[in-house]
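# Observations on chain architecture
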Amino acid sequence: MDAESGRGAAGARKKSWRSELVLAYQSLGVVYGDLATSPLYVYKSAFAGGDIEHSEGNEEIYGVLSLVFWTLTLITLLKYVLVVLRAADDGEGGTFALYSLICRRVRAGLLPGVGDSAVDELKDQPDGALPPPASSVRAALQQRRELQWLLLLFALLGTSMVIGDGVLTPAVSVFSAVSGLKLSMVNEQHQYVLLPVTCVILVGLFALQHFGTHRVGFLFAPIVCLWLLCISTIGVYNIFIWNPHIYKALSPYYMYRFLQKTQVGGWMSLGGILLCVTGSEAMYADLGHFSQSSIKIAFTAVVYPSLVLAYMGQAAYISRHHNFERNHHIGFYISVPEKIRWPILGIAILAAVVGSQAVITGTFSVIKQCCSLNCFPRVKIVHTSSTVHGQIYIPEINWILMILCLAVTIGFRNTKQMANAQGLAVITVMIVTTCFMSLVIVLCWNKNVVFALAFLLFFGAIEAVYFSASLMKFHEGAWVPIIVSFIFLTVMCVWHYGTAKKYEFDVENKVSISWLLNLGSSLGIVRVRGIGLIHTELVSGIPAIFSHFVTNLPAFHQVLVFLCIKSVSVPHVQPEERFLVGRIGLKQYRLYRVVVRYGYRDVQQDSLQFEKALVSSIAEFIRSGDSDQNGYPDGSESPYERLSIISKGLPFQEADGDGSPSPESSARKDTNPILVSSKSRRVRFVLPENAQINSQVRNELQELTEAREAGMSFIMGRSYMKAKSGSSLMKRIAINFIYEFLTRNSRGPAYAANVPHVSTLE
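Residues numbered from 1 in each chain as written. Predicted model: local features only at pLDDT ≥ 70, side-chain atom pairs only at ≥ 80, totals over all residues. Heavy atoms only, no water.

By the naming in an unreviewed UniProt entry, the protein is Potassium transporter, taken from Zea mays.

As a further point, take the overall build of the protein. In terms of regular secondary structure, the protein is built from 24 helices and 12 strands. Put simply, the protein has 762 residues, and 54% of those count as buried. Across the protein, contacts joining residues at least 24 apart in sequence account for 82% of those joining residues at least 6 apart. For the protein, the accessible area works out to roughly 32,800 Å², and carbon and sulfur atoms hold 60% of it. (Helix = DSSP H or I, 4+ residues; strand = E, 2+ residues; numbered from the N terminus. Buried < 20%, exposed > 50% of the residue type's maximum accessible area, 1.4 Å probe, protein only. Contact = heavy atoms within 4.5 Å. Areas by Shrake-Rupley, 256 points an atom, 1.4 Å probe, with all protein chains shown as cover.)

Our focus in this paragraph is the pattern of salt bridges. For the coordinates displayed, the defined rule picks out 11 salt bridges. The residue Arg144 makes a salt bridge to Glu146 at a minimum N-O spacing of 2.8 Å. According to the relative accessible area criterion, Arg144 is partly exposed, its value standing at 45%. Here Lys416 ties to Glu476 by a salt bridge, and the two come within 3.7 Å at their closest N and O atoms. Of this pair, Lys416 sits in helix α17 (residues 415-443) while Glu476 sits in the loop between α18 (449-471) and α19 (479-508), and the two are 60 residues apart along the sequence. (Salt bridge = Lys/Arg side-chain N within 4 Å of Asp/Glu carboxyl O.)

To continue, consider unusual backbone geometry. The backbone of Arg413 sits at a positive phi, close to 60°, despite the residue not being glycine. Assignment of secondary structure puts Arg413 in the loop between α16 (395-412) and α17. In this structure, Asn446 takes a positive phi of about 60° despite not being glycine. Its location among the elements puts Asn446 in the loop between α17 and α18.

Ranked by internal contacts, the top residues of the largest apolar core, which has 160 residues, are Tyr32 and Trp227. Looking at this core element by element, the count peaks at 16 residues for α17. Filtering out sequence-adjacent residues up to four positions away, Tyr32 remains in contact with Ser27, Met283, Ile295, Ala298, Phe299 and Val303. (Core = buried A, V, L, I, M, F, W, Y, C linked by side-chain atoms within 4.5 Å.)

Glancing now at the packing of helix α5 (residues 95-106) against α17. When two helices pack together, their arrangement is given by the angle between the helix axes and by the axis-to-axis distance. Packing of α5 against α17 brings their axes to within 10 Å, and their N-to-C directions diverge by 30°. Compared by their axis directions, α5 and α17 come out roughly parallel. Crossing angle aside, the handedness with which α5 passes α17 is left-handed. Where α5 approaches α17, its residues Thr95, Leu98, Tyr99, Ile102, Arg105 and Val106 are matched on the opposing element by Val432, Thr433, Phe436, Met437, Leu439, Val440 and Leu443. (Axes fitted to C-alpha atoms, helices over the stretch in contact; angles between N-to-C directions. Parallel < 35°, antiparallel > 145°, perpendicular 65-115°, else oblique. Left-handed = near helix turned anticlockwise from the far one by under 90°.)

Here the focus is a nonpolar patch on the surface. On the surface, a nonpolar cluster with roughly 490 Å² of combined accessible area is contributed by Phe474, Trp479, Ile483, Phe486 and Ile487. In this structure, Ile483 sits in helix α19. With a relative accessible area of 41%, Ile483 lands in the partly exposed category. (Patch = residues over 30% accessible without salt bridge, like charges linked within 9 Å, V, L, I, M, F, W, Y side chains within 5 Å.)

This is the structure in structure tokens:
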């Protein structure tokens, strides 16, 4: 028996390793496309600015190689692979994942609606034994509002720079890949061909986004694998043919010699050297699609050695060739043997497209997170795959990115300025990640503050040097990510501020439960057949729109549900924790409150599934025998404010009027149904066997089935905001113009997009 269990455990471990290796292979096409194409433009960007020149002594090329090697090792391997990947928010990564971890730990979030007492209990970590420095950091974040705003501003800054990177990476990657045509054409020809070919490829790339990456995703990993094999093989060839001793340049001594000789020029060239780590943030941002071990295996076993060999090979070739016409001819294609340049050119273009695709998809994912947490105007989100999580398409953002990408390509027309712009965007996101990680080390991992300071000072110092060098290129292209991020940051801040103020207004003007109780048993209105769903942002009290409605039109549905859709600051909400159901007023009112919780990575259900889940949850709430004597929850004004988590709704079945059961009902045989029949369909709730329910509960379930059979109507109110008289000029511009413009041009609530217009009342 022990031998059999041992063989079973060994088989499970073998299967686990096999699945990890498969994930590692798949991650090559999704995660590492951008990082793998960096050799196309790193050396070219480092020498393109005229800050340094390639001399006969090779100090410059050896110094650049040493800087590239140690930057790739320290930032990508040490910081991201060994440390940052461990900071997963329930398996998810990215800037908002770090922000979510910190806010839940400290309970210092500013996102509107997330802090409600009914919904903020998800995945809160126990306090544990926090060391005194961590306790003081936590207390400062909890008590000081300006620190909470600074946290949110940093998260939004990182997000806006990710969007800027989504504009710049396709332009730089594709333009650098296509620039190989220069070596096969005379100068007069390639200047008329290079730009149109790049623009055509970019337009095609963005035009194909609506098909979804899952349709061509199976090609991504083989393309990146082939590309890595090519550049590493060419690198080994160049090392042995041109300079077998190039490995000595990996010594940090050559960094010192490089900076000593070039001084200010060498410091200015760091903006180009920085591009060797573009795409490192993607390893963390795409953590939700793959496991930590698979990403680590792919990088350490395949990507890292291939990139090191590629950079060494380029340096070996350049160190033996000093007869370039101009320094900016130092690039990738010049080191490729002439006989295979055309095949390598084709593979490079495909690899650049794959890398650009990953960045565009990552931009869509980041914007979806912002929308879920009310930090970005609502946009149309299309899920392009029903099986692969996270593959989405946002039409409005796609075309905005395409226009900006084409504008950057046509405006600059060279790799130098586009690379300067990309470098600033990349290093800014890295600095934001470093700052958040230092807080995670103290607050979430409960480590001593010394470890957090060491992490912050070590990596922060390295990134600060690169940031200063990139910022000095402001007039040479680095202004682009600043302008783009400023625009998106303004949009996100104004939307967040306006949404928060609107929520505060709704809370201050909600109607008390006592107002409803004073209306009497009939509520003073006529009840008609069906279920009415009133959308509200409140989890307690009655929205002002309800009193406004019944005052002007005293008629409502026989069953009324105040529906609150909440996006909480966790990546996923388990199905058994999704629905909270409560009762408003007396049982005969048939008024219910339902709070539906989604994580910022969750996919919201379509209308039919949502209706079934909603009604099933209300039915289970009724069947479970809720009591009017439950007591008063914390902070509530009446016993009718208590919400119950419905882990599994009471199943119900629908059948056609001729008695033929639905597919799901034909598989069950239950003897205790509550049935409502009509000419069109039959609706019934399937009660557990031997369930004991009283007549009052049975009547309530009967009325719910009748209302469900009659149909549902969605009632949504629209509010208009204006700044108060006497407000500052900045506030009037933000609310009266920017927020109002964004509101008019944004989509409705995400769940409402799937609701038939015939059932919607706005």
